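Below are the chains, spelled out letter by letter.
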Amino acid sequence: MQHGGLVLILLTLFITACQPEIAPPVITLVTPLEGEVLSGDGELTFTVLAPEGSLGEVVVQVGGYPVRFPAIELKSFGRFRVPLEVLELGEGEHGVLVTASAVEREAFSAASASRTFRVELPPVGLEGLTVSPENVRQGQPVVIDARFTGAATEVSGRLFERDFNFYPVGGGGWRALAACRLFAEPGTTPLLVSYADSLGRRKQEEFELSVRAGSFSSCYITLSPGVGGKLSAETIERESARVNEAVKRYSPEQLWEAGPFRRPVDGGRVTSPFGEKRTFSTGGSESHIGTDFGGLAEGSPVYASARGRVVIAGEFIIRGHFVCLDHGRGLFTLYNHMSETLVSEGEMVEAGQRIGSIGQTGVATGPHLHFEVRLATWAVDPMTLLSEGLSFE
């Protein structure tokens, strides 16, 4: 038994000695350095050297996730780069493991190298806030630009007790379209901006928006009993709720083109400006939240002021035949008292496309178009958009 065991051992050693051997690859990790702290995106760089024609598969694990590289054409030397995206990795310590094999006929060998590094993300801070115009008028659109130190996410604002959205723009900045409400008290009012970093750490900062009084005319309007009878509190509440629900929706895509919006009618004149203080013969008063275009024959075309999607098209008791267009980013245009509507809900319309005809349906004293603009749910002066646009891009 002892003799047979010795023969077996010698035979095993002989077979092992006869098997072909190949030197393992040499792996050199270049970046990041051992223990290096990354606060922004970086790269894992390394080289692999193997005997001529023998380099096989290279496998990299970063934070436990594998990245595979097939055998390269040179078969002996490879220089590799792996992006390190710190927002995806998250804060903390991360390990890198590189494994490479050398294969030649029946010979096989492998080697590995490892390294650790840390990701430490600095807290995001609000570096600067620009409001245009600086001294906003009652009922005027507001463009707000925010700049951050670090990568901000989930940026939002609050003005006049209503929330509005920011959207990312070039250079790491964020922009919002907001509005100064028609009934805002002149002086200063709080403007809140909240944001988070990639780890969900939230922060809120408060600024002041300067508000100046607008100059608004006043008028007395005589309504016939039949027309005035439509202005019941129940009808006003029901129609307002439908419109307010529509303009609360926020679509992140900007559908309109830069520059002034198109006038919604050809010819005519402004017969009742935005903000006009009205007193009615039937009792009560209100401030006009749109611009009326009159001096037009009934049936004259009404055009979309900008590209947008139809969110309301129908007949209302007060607004008459009515269309509401969503232009994206919280901006809407509304067309009231038409004799007909020529578009359907859900339809995409282009700037200058005919959407209806001048009429006097609903609560109206004659043929005209009540043209209204809502931004971040608030009514703003339509003439600002028709003359200036939103003054950016």
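Scroll up for the structure.
Residues numbered from 1 in each chain as written. Predicted model: local features only at pLDDT ≥ 70, side-chain atom pairs only at ≥ 80, totals over all residues. Heavy atoms only, no water.

Undergrad: What should I look at first to understand the sheet that holds strand E20 (residues 285-287) in this one?
TA: The strands making up a sheet associate through backbone hydrogen bonding, with each pair oriented either parallel or antiparallel. Spatial strand order, E17-E19-E20: 3 strands in an open sheet with mixed pairing. This sheet does not close on itself; its edge strands, each paired only once, are strand E17 (218-221) and E20. Across the sheet, the mean angle from the axis of one strand to that of its neighbour is 20°, orientation sign disregarded. Across 3 bridges, the pairing between strand E19 (residues 277-280) and E20 is antiparallel. By the bridge assignment for E20, Lys277 is matched with Ser287. (Pairing = 2+ DSSP bridges. Helix = DSSP H or I, 4+ residues; strand = E, 2+ residues; numbered from the N terminus. Axes fitted to C-alpha atoms, helices over the stretch in contact; angles between N-to-C directions.)

Undergrad: Can you walk me through the environment of Ala213 in this structure?
TA: Mapped onto the fold, Ala213 is located in the loop between strand E16 (202-212) and E17. For Ala213, a relative accessible area of 46% translates into the label partly exposed. Residues Ala213 and Phe183, spaced 30 residues apart in sequence, show a C-alpha to C-alpha distance of 9.3 Å. Excluding anything up to four places from it in sequence, Ala213 contacts Arg137, Gln138 and Pro186. (Buried < 20%, exposed > 50% of the residue type's maximum accessible area, 1.4 Å probe, protein only. Contact = heavy atoms within 4.5 Å.)

Undergrad: Please clarify how the nonpolar core should be interpreted in this entry.
TA: In a soluble, globular protein the nonpolar side chains are often hidden away together inside. Judged by nonpolar contacts, the single largest core of 56 residues is most densely connected at Ile144, Phe148, Phe164, Phe166 and Tyr335. Sequence-distant contacts of Phe148, defined by excluding residues within four places in its chain, comprise Val124, Gly125, Leu126, Glu127, Val155, Trp174 and Tyr195. Leu38, Phe80, Val86 and Ala107 belong to the second largest nonpolar core, which has 26 residues in total. (Core = buried A, V, L, I, M, F, W, Y, C linked by side-chain atoms within 4.5 Å.)

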